[in-house]
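Examination of the molecular architecture
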Amino acid sequence: LTDEEKRIRRMAEEYDQLRSRFEEMTQFRDTEEYKQMPENKRVLYDLQCKAMDDYESTLKQRIQLECDTANKKD
């Protein structure tokens, strides 16, 4: 693999891991344990989920841009 392909692969792996953790956190928000947490902890948890969602979206866009750029070089 070229260095560029390796970089895209690393981003894709990071995206997959992030997506998995985000899904777990989202599912946790439907549990009684989450609902019983103090409000200040729920707020921080929700902020973390929002940050992860934003990061996932940005990373997805970067991967798409890198793939589009790599395809144009071929």
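Attention here is on the structure that accompanies the text.

Scoring rules and cut-offs
- Residues numbered from 1 in each chain as written.
- Predicted model: local features only at pLDDT ≥ 70, side-chain atom pairs only at ≥ 80, totals over all residues.
- Heavy atoms only, no water.
- Patch = residues over 30% accessible without salt bridge, like charges linked within 9 Å, V, L, I, M, F, W, Y side chains within 5 Å.
- Areas by Shrake-Rupley, 256 points an atom, 1.4 Å probe, with all protein chains shown as cover.
- Salt bridge = Lys/Arg side-chain N within 4 Å of Asp/Glu carboxyl O.
- Helix = DSSP H or I, 4+ residues; strand = E, 2+ residues; numbered from the N terminus.
- Buried < 20%, exposed > 50% of the residue type's maximum accessible area, 1.4 Å probe, protein only.
- Phe/Tyr/Trp six-rings, centres within 6.5 Å; stacked < 30°, edge-to-face > 60°.

1. Notes on a nonpolar patch on the surface
Taken together, the side chains of V43, L44 and L47 define a hydrophobic patch exposed on the protein surface, amounting to about 290 Å² of accessible area. Summarising the element assignment, L47 is placed in helix α3 (residues 39–73). Note on L47: relative accessible area 54%, which makes it exposed.

2. A few points about the pattern of salt bridges
The tally for this structure, following the rule as stated, stands at five salt bridges. The partner of E66 in a salt bridge is R7, with the nearest N and O atoms 2.5 Å apart. Taken together, the residues E66 in helix α3 and R7 in helix α1 (residues 3–28) connect sequence positions 59 residues apart. The exposure class assigned to E66 is buried, which follows from its relative accessible area of 17%. R7 sits in the partly exposed class, given a relative accessible area of 30%. With a shortest N-O distance of 3.2 Å, R29 and D46 are connected by a salt bridge. With a gap of 17 residues between them, R29 in the loop between α1 and α2 (32–36) and D46 in helix α3 connect regions that are remote in the sequence. Looking at R29, the relative accessible area reads 30%, which means it is partly exposed.

3. Some thoughts on the packing of aromatic side chains
Taken as a whole, this structure holds three aromatic pairs when the rule is applied. Note on F28 and Y45: the rings are 5.3 Å apart at their centroids and 50° apart in plane angle, and the pair reads as tilted. Separated by 17 residues along the polypeptide, F28 in helix α1 and Y45 in helix α3 bring together distant segments of the chain. An identical accessibility class is assigned to F28 and Y45; each is buried. Between Y34 and Y45 the ring centres are 5.7 Å apart and the planes differ by 55°, which places this aromatic pair in the tilted class. With Y34 in helix α2 and Y45 in helix α3, this pair connects stretches of sequence that are 11 residues apart. The pair Y34 / Y45 is uniform in exposure class, with both members buried. In textbook terms, an aromatic cluster arises when at least three aromatic residues are bridged by ring pairs, as seen for F28, Y34 and Y45.

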